[in-house]
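# What the coordinates show
Read off the chains here:
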Amino acid sequence: MIEHLSKRLIVLLAATAALGPAATQILLPAVPAIRQDFAVSGDIAQLTLSLSMAAIAVGTLTWGPLSDKYGRKPIILLGLSITLLGSLLCYFADTISALIAGRFVQAFGAAVGLVLARAIVRDVYGAAQSARIIATVVMVMVVIPMISPALGGELLIRFGWEATGAAIAAFSLAMLLLIGFSLPETLREPVPFEGVAAMLRTFGDLLSSRIFSGYAFCVTFVSVVFFSFIAAGPEIVVSVMERPANEYGYYFILLPSGFMAGSYIARHYGLRLHIDRLMLIGMLIAIAGLCLAFALQIAGLRHPLALFGPVALTVLGNGITLPGAQAAAINEFPKLAGSASGLTGFLQMAFSAVAAQLVAAVYNGTAYPLLIVMLAASLLSLASFRIGIGYSNAGRASGGQS
């Protein structure tokens, strides 16, 4: 059993974890074009995003327990193979139904990296170090999704939206080969998989923990903030601001840049400040960014920077919060790291998929419905955090008295 992960393996895990977000976001600039090409409504075109997010939710619920039983490496290779298949289906899709189906298969497989990167880190490192290492993984992994909308916009203009499927297929194949040759098995003690009923009981046990639920829903609503924006952002830029589709991709770079900066702050100050204090700071920064976005919209500023700039500040705050919240949720049940990570990922993507479809349904030609959903999610994240930290502190106090 390895005692630490090399920098090369950390980067490789980060790239694998980035595959799901990259596959989701590379198609974003093309959603208005897909709506026109297939002559469908905006709600139907939006299913290429929201159902792929739902597939990630299902995948995160599946891959964690399977990896607890069969090991991290074989399951991550299986997931990458499915991603490759789904990407090829997207490339050859000639109907909106075929494209949605391909996106679902692609996202289901790509979820494996999101789940197992965290579980592998928890396998190798203890509770004290895992938050810092996860922050490093997150900081590295945002680079690929950062450029994927810009890449998707350029592929759309030069080759058509179908080229995005080919790009993710190539990336999936590269990760499949690199993981196959480089990643050792990190699971120490396999956990028997006793069927779906037992899996659901495990998830029920996890959710019955107020500490786990508090931190897991904190992670969930932080993710809702981001995915709500990417669901409505392309339509606002193209239809409201009347900018070309590829321009969205370049402004989008501000968001993962902010997230990367937040993850760096979490990593840098992870040993100096208590994890809960860092998370609270991050959430307050996120709320402040959204209040600024509201103010600029009320002032009548319609330039993309008036929207993307404040949202980047919000995402910076989320980057500070997310690694600690993920680590706190998983550390509550270290022997079920795969299941805990999978359930956390499921909650993230399931709620985000609903939010993505919601912002499409309430879109009224302005940014206000989107900002309202994002602010509500930020406040719910803060409330969930308070629940988690409250029971965590109570548990520590009770333990200290016994």
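What counts, and where the lines are drawn
Residues numbered from 1 in each chain as written. Predicted model: local features only at pLDDT ≥ 70, side-chain atom pairs only at ≥ 80, totals over all residues. Heavy atoms only, no water. Helix = DSSP H or I, 4+ residues; strand = E, 2+ residues; numbered from the N terminus. Rg over C-alpha atoms; globule rule 2.2 N^0.38 Å. Buried < 20%, exposed > 50% of the residue type's maximum accessible area, 1.4 Å probe, protein only. Contact = heavy atoms within 4.5 Å. Lys, Arg positive; Asp, Glu negative; His and termini not counted. Charge placed at Lys NZ, Arg CZ, Asp CG, Glu CD. Phe/Tyr/Trp six-rings, centres within 6.5 Å; stacked < 30°, edge-to-face > 60°. Lys NZ or Arg CZ within 6 Å of the ring centre and 35° of its normal. Axes fitted to C-alpha atoms, helices over the stretch in contact; angles between N-to-C directions. Left-handed = near helix turned anticlockwise from the far one by under 90°. Nonpolar A, V, L, I, M, F, W, Y, C, P; charged D, E, K, R; others polar. Expected span 1.5 Å × (residues − 1). Bend = angle between axes of the 7 residues up to and from the residue. Salt bridge = Lys/Arg side-chain N within 4 Å of Asp/Glu carboxyl O. Disulfide = S-S within 2.5 Å. pLDDT = per-residue confidence, 0-100.

### Thoughts on the overall build of the protein
Assigned secondary structure in the protein consists of 16 helices and zero strands. A compact globule built from 402 residues should have a C-alpha radius of gyration of about 21 Å, and the protein, at 20 Å, falls within 12% of that. Going through the 402 residues of the protein one by one, you find that 58% of them count as buried. Within the protein, contacts between residues at least 6 apart in sequence are counted, and of these 88% link residues at least 24 apart. Placing the 22 positive and 17 negative side-chain charges of the protein at their respective mean positions leaves the two points 10 Å apart.

### A word on the packing of aromatic side chains
Under the defined criterion, the tally for this structure stands at twelve aromatic pairs. Ring geometry for tyrosine 91 versus phenylalanine 92: centroids 4.9 Å apart, planes at 85 degrees, classification edge-to-face. In this structure phenylalanine 92 comes out as exposed when scored by relative accessible area, which is 61%. Sitting over the ring of tyrosine 70, lysine 69 keeps its end group 5.2 Å from the ring centre.

### So, the packing of helix α11 (residues 245-252) against helix α14 (residues 304-331)
Two elements in contact, α11 and α14, have axes separated by 10 Å at closest approach and are oriented at 35 degrees. For the crossing formed where α11 meets α14, the hand is right-handed. For the pair α11 and α14, the contacting residues are Glu247, Tyr248, Tyr251 and Phe252 in the first and Pro304, Leu305 and Phe308 in the second. When the residues that make up the contact of α11 with α14 are grouped by side-chain class, the tally is six nonpolar, no polar and one charged.

### Topic: helix α3 (residues 42-70)
Compared with an ideal rise of 1.5 Å per residue, which puts 29 residues at 42 Å, α3 spans 41 Å between its outermost C-alpha atoms and is within 8% of the ideal. If you look at α3, its biggest bend is around 35 degrees, right at threonine 48. Positive phi shows up at glycine 71, right after α3, with a value of about 105 degrees.

### As for the environment of serine 352
Tracing the sequence through the fold places serine 352 in helix α15 (residues 337-362). The exposure class of serine 352 is buried, given its relative accessible area of 0%. It is 30 Å that separates the C-alpha atoms of serine 352 and valine 124, two residues lying 228 residues apart in sequence. The residues touching serine 352, leaving out its near neighbours within four places in the chain, are Met53, Ser223, Val224 and Phe227.

### A short note on the side chain of serine 378
Mapped onto the fold, serine 378 is located in helix α16 (residues 368-401). The exposure class of serine 378 is buried, given its relative accessible area of 5%. Sequence-distant contacts of serine 378, that is, excluding residues within four places in its chain, are made with Val225, Ile287 and Leu290.

### Quick notes on the pattern of salt bridges
One pass over the structure, following the stated rule, counts four salt bridges. With its nearest N and O atoms 2.8 Å apart, the salt bridge here joins arginine 72 to aspartate 68. Take aspartate 68: its relative accessible area is 3%, and that puts it in the buried class.

### A short note on the state of the cysteines
Summed over the entire model, instances satisfying the criterion amount to zero disulfides. In this structure cysteine 218 is not part of a disulfide, and its nearest cysteine sulfur, from cysteine 291, lies 17 Å away. The exposure class assigned to cysteine 291 is partly exposed, which follows from its relative accessible area of 43%.

### Regarding the confidence of the model for the protein
On average, the protein scores 84 in pLDDT, and the residues at 70 or more come to 92%. By mean pLDDT, helix α6 (residues 127-141) is the weakest element of the protein at 69, and helix α4 (residues 72-92) is the strongest at 94. Low pLDDT, under 50, characterises residues 396-402; the stretch is placed with two contacts to residues that sit more than four places away or in other chains.

### Here's the deal with helix α1 (residues 7-25)
Because an α-helix completes one turn every 3.6 residues, residues spaced three or four positions apart along the sequence face the same direction. Helix length check: α1, at 19 residues, gives a terminal C-alpha distance of 26 Å against a target of 27 Å (1.5 Å per residue), a fit within 8%. When the local axis directions of α1 are compared, the greatest deviation, roughly 35 degrees, occurs at leucine 19, which is followed within four positions by the proline proline 21. Of all 19 residues making up α1, 16 are buried, and the element is well covered by its neighbours.

### Here we look at the side chain of serine 384
Note on placement: serine 384 falls in helix α16. Aside from chain neighbours lying at most four places away, what touches serine 384 is Gly214, Phe217, Cys218 and Phe221.

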